[in-house]
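Understanding the architecture of this molecule
So the chains spell out like this:
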Amino acid sequence: MAFSNNKIKAIVERLDKPATKGYDIIHRESLFSRAKTSPGLAEQPGYTGYAYWKSTLNIFKRNTVAMFCLVLIISITLFTFMQPFLPGHKDPAKIHNNESGMHYRNQPPSLQFLMGTNSIGQDLWSRTWAGARTSLVIGFAVSTIDTVLGVAMGIIWGFSRKIEWLFTELYNIFDNVPQTILLILASYILKPGILTIILALSLTGWLVTARFIRNQVVIIRNRDYNLASRCLGTPVWRMMLSNLAPYLVSVITLRMAMAVPVAISDEVFVSYIGLGLPQNIPSLGNLIISGIDKLLEPSLRHQIAFPALILSTVTVCFYVVGNAFADASDPRNHIY
Amino acid sequence: MARYIIRRTISAMVTLILVSSLVFILLRKMPIEGYFHNFEKLTPSQINIGLENMGLNSPIHIQLWRFFSNLLKGDLGVSNKYRINFPISKLVAIKMPTSLFFGLMAMGLSLLLGIPLGMAMARSATSQNRIKTIDIAGSAYITLVQSIPKSIYHLFIQIYVTELVNKFTRLPFLYSANNPKTWVLPIISLSLSGIASYAMWTRRYMVDESSKDYTLLARAKGVSPAKISSRHIMRNAIVPLVQVMPSSFVGTFMGSLYVESRYSIPGMGGLLVEAIKRQDNTLVQALVLIYTALSIFAVLAGDIAMAAADPRIVLSKGGTR
C-alpha cells in the first residue's frame, strides 16, 4: 500500500539503471510486498486521504493573487478596528483649530494630519478609517443577513413542495422590479441611520441567494448518491452535511463575499443620491460624496483619492477572494 | 408558444399592479410636510385645501382606483412638484431620447468590443500556451471594472481623461448637445461595464462549450481552431447572451444616474431620485410603473429571444413551436 518517498525514489533509481541480468530481477521482486487486508481501508474510495476542506484550502492557497487579497482584507479590517486605539488618535468629528483659533482648513497631508484636513478642519486620516469601519460593518452585516436568511429560505424552498409557489411568486415579483428602484424607495422610506441602511440594502439580496440555494438543493437532492444514502439509512442531518453542504459551500461563500462589496458600493450610491447616512456618521460613501467637488482642485484631490483607494481595494479584494474561494470549494475542481 | 406568452403577460400584469399599488400605498405613508414647500407658514385649513386639491384626502383605495383608471386612458397624470402641472408623459418624452441615445451607443460599443474580447480570452484560455496573456489581461480588466464601484471610476475618468485631452485640445468637462466631442467620454464610461460583462459571459460559455464532444469531433476532423470557435462554439455560446440583451437594451431607457449627473446630461438618470426627494408622488408613481413595465417586458423578450436563438428550447409545455 503505502510507500515512503525514499522508497519510491529508490525504485525509480533502480528502474532507471540498465538491467543487469539476474541481480536486478531479484531485487525488483523483493521491493513489493503483499498488502494486508483491512476492512477499514476497504471502505475508502479510490481517492485515499481525500478531505474536502483540505483540498479546498490547498487549491485556494495555490492562487497567489487571492492569497495576497485575503491578507490585505484581513489587515485592512483589523487596522480599521484597531485604529481608534492607536496613540495619537484624533476624534473624526473634532474640528481642529490652530493657535489663533482658526480652523485648519484643507491642510495638505503632514505629520500632524496624515491625510490632511477637510474644508472645516476635521482630520481626514481618522475620518477615512472611521468611514471604512462603518462601511465594513454595513458590508458584513448585509452579507450575513443575506446569507443566513437566503440559505435558510433556500433550503425550505428547495425541500418543501407545499409553499414552493409562495416563494416562486415572491421571487418573480421582486425579480421584475429594477433593484435600483427598490433601493432608492427603501432608503427614502426608512430614515437614514446605520441600522436602517443595513435593512434597506439587505431587502432583496437574500431572495437571490435563496434561489441559488434552492436550485442547487433541487438538483442535488434526487441524485443517485443521495438516493443511495437514503436507502442505506443515513440520517438526514448527515446527508445535508456531507452530501449537500459541499455543493452549497461554493455558492454560499461566493454570495457572501460578493455581498460585501455590493453593499459597500450601494452605500456610496445611496449617499450619492442624498439618501445616505447623515454627515456626522463618517462612511466611505459620505467621504467620497463630500470629496467630489474637491476633484476639480488639483491641490485638494488627496481628500477623495484616499477614501476612494481604500474603497476600491476592499471591493476588488473581496471580489477576487470570493471568486477564488468559490472555485476552490467546488468539489468538481478537486479531482486533479 | 402563444399560450406561454399569454400566461407570462398575465402574470406580468399582476406583478405590475401589485408593485404599483405597493409603491402607491408606501408613498402615501410619507409625512405630509413634503407636499408643501412652505408648510410651517400654512394654517390647517390651507393644508387641508392643498391636500384636497392634490386628491390626497380621499381614502387610499379611491386614490388607487383613480390612478389606475386614468392609466387605462393613457394618462400618466401631471407632475406636482418637479415641474408643476407638466404632463408626465411629455416630460418622459423629452428626456428619454437623450438617455436612449447614450445607452444605445454604449451598448453597441460593449457588444462590438465585449464579445470579441470574450472570444479571444476563451481561445487563449483553452490554448496550449503556458502563459495565457490575453486571458490574464482580460480577466484583470473584468475584475477591476466589476469590482471598483462605478461611482469611483466614472468620476476619475471624467476628471483625469478630460485633463489629459485638454493638454492637446480643448475639451469641456460637461456635456453639450451641439459639441459631439463631449459625447465620447460619457459613452466610453457607460460602455466599460458592458464590455466587461459581455466578455465575461462570452468567455465562460465558450470555455464550457469547448470541452463538449462536438468540439472534440470538429478538432479531430481537423477544423481550424478559428473556425471551431466562430462557427461551432460561438453559435452555442451566444444563446444565453441573447437572453440578457433585451434587459440591457431596456436598461438604457432608465439612463445612468452617475454618468448623466456627472456630465450634466439631461436624461432620465436622475429623474426618479429627484422626484423622490421632492416627494413628487405622481411622478414617482409613473416612473416606477414605466420602469417596472419595461423591466418585465425585457425579461419576457429575453426568454422569447433565447427560444428563437436555440431551437432546442421549447417554452410552452408539451407544445412544438
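Criteria and thresholds
Residues numbered from 1 in each chain as written. Chains lettered and ligands numbered in written order. Predicted model: local features only at pLDDT ≥ 70, side-chain atom pairs only at ≥ 80, totals over all residues. Helix = DSSP H or I, 4+ residues; strand = E, 2+ residues; numbered from the N terminus. Buried ≥ 20, exposed ≤ 12 C-beta atoms within 10 Å, placed from the backbone. Contact = placed C-beta atoms within 7 Å. Core = buried A, V, L, I, M, F, W, Y, C linked by C-beta atoms within 7 Å. Axes fitted to C-alpha atoms, helices over the stretch in contact; angles between N-to-C directions. Parallel < 35°, antiparallel > 145°, perpendicular 65-115°, else oblique. Left-handed = near helix turned anticlockwise from the far one by under 90°. Nonpolar A, V, L, I, M, F, W, Y, C, P; charged D, E, K, R; others polar. pLDDT = per-residue confidence, 0-100.

Remarks on the overall build of chain A
On a plain count of helices and strands, chain A comes out with 14 helices and zero strands. Of the regular secondary structure in chain A, the N- to C-terminal order runs α-α-α-α-α-α-α-α-α-α-α-α-α-α. Per-residue burial for chain A yields a buried fraction of 36% across its 336 residues. Residue pairs at least 24 apart in sequence account for 70% of intrachain contacts in chain A once pairs closer than 6 positions are excluded.

What about the overall build of chain B?
Looking only at helices and strands, one finds twelve helices and two strands in chain B. Projected onto its principal axes, the C-alpha coordinates of chain B cover approximately 85 × 65 × 30 Å.

Topic: unusual backbone geometry
Glycine aside, negative phi is the norm for most residues, and most peptide bonds take the trans geometry. Residues and elements named next belong to chain B. A positive phi angle, close to 45°, is found at serine 264, a residue other than glycine. Note that serine 264 resides in the loop between helix H10 (257-262) and helix H11 (271-277). Its 12 C-beta neighbours within 10 Å are what place serine 264 among the exposed residues.

A few points about the nonpolar core
Residues Val321 of chain A together with Leu272 and Leu287 of chain B are the most contacted members of the largest nonpolar core, which totals 108 residues. With 16 residues, helix H12 (residues 236-272) of chain A is the largest single contributor of residues to this core. Each residue touching valine 321 of chain A, except ones within four places of it in the same chain, is listed here: Ala66, Cys69, Leu70, Ile73 and Ala257 of chain A. Ranked by size, the runner-up nonpolar core spans 18 residues in total, among them Leu117, Leu192, Ala199 and Ile233 of chain B.

Here we look at the interface of chain A and chain B
Each partner contributes to the interface: chain A provides 27 residues, whereas chain B provides 27 residues. Mapped onto the side of chain A that touches chain B, the elements with two or more residues apiece are helix H7 (164-176), helix H8 (179-189), H12 and helix H14 (302-329) of chain A. Among the elements that make up the side of chain A that touches chain B, the one with the highest residue count is H14 of chain A (seven residues).

Thoughts on helix H13 (residues 284-291) of chain A
In terms of burial, H13 of chain A is a largely internal element, seven of the eight residues being buried. When H13 of chain A is considered as a whole, its buried residues turn out to be Leu284, Gly285, Asn286, Leu287, Ile288, Ile289 and Gly291 of chain A.

Examining the packing of helix H6 (residues 124-159) of chain A against H12 of chain A
Packed helix pairs are characterised by how far apart their axes lie and by the angle those axes make with each other. All names here are of chain A. Viewed as axis vectors pointing N to C, H6 and H12 meet at an angle of 140°, and their least axial separation amounts to 8 Å. It follows from the interaxial angle that H6 and H12 lie oblique. As H6 packs across H12, the resulting crossing turns out to be right-handed. Counted together, Ser135, Ile138, Gly139, Phe140, Val142, Ser143, Asp146, Thr147, Gly150 and Val151 of H6 and Ile252, Arg255, Met256, Ala259, Val260, Ala263, Ile264 and Glu267 of H12 form the full contact between these two elements. Broken down by class, the residue content of the contact of H6 with H12 amounts to ten nonpolar, five polar and three charged.

Some thoughts on the environment of leucine 76 of chain B
Residue and element names in this part refer to chain B. Among the structural elements, leucine 76 can be located in the loop between helix H3 (60-72) and strand E1 (78-79). The exposure class of leucine 76 is buried, given the 22 C-beta atoms found within 10 Å. Once the C-alpha coordinates of leucine 76 and leucine 217 are considered, the two residues, 141 residues apart in sequence, prove to be 58 Å apart.

Concerning the confidence of the model for chain B
Residues and elements named next belong to chain B. On average, residues of chain B score 82 in pLDDT, and 94% of them are at 70 or above. Of all secondary-structure elements in chain B, the lowest mean pLDDT belongs to E1, at 77, while helix H5 (residues 133-147) reaches the highest, 91. Scored below 50 in pLDDT, residues 317-321 shows five contacts in the model against residues more than four places distant or in partner chains. The complex prediction reports pTM at 0.79, with the ipTM value standing at 0.79.

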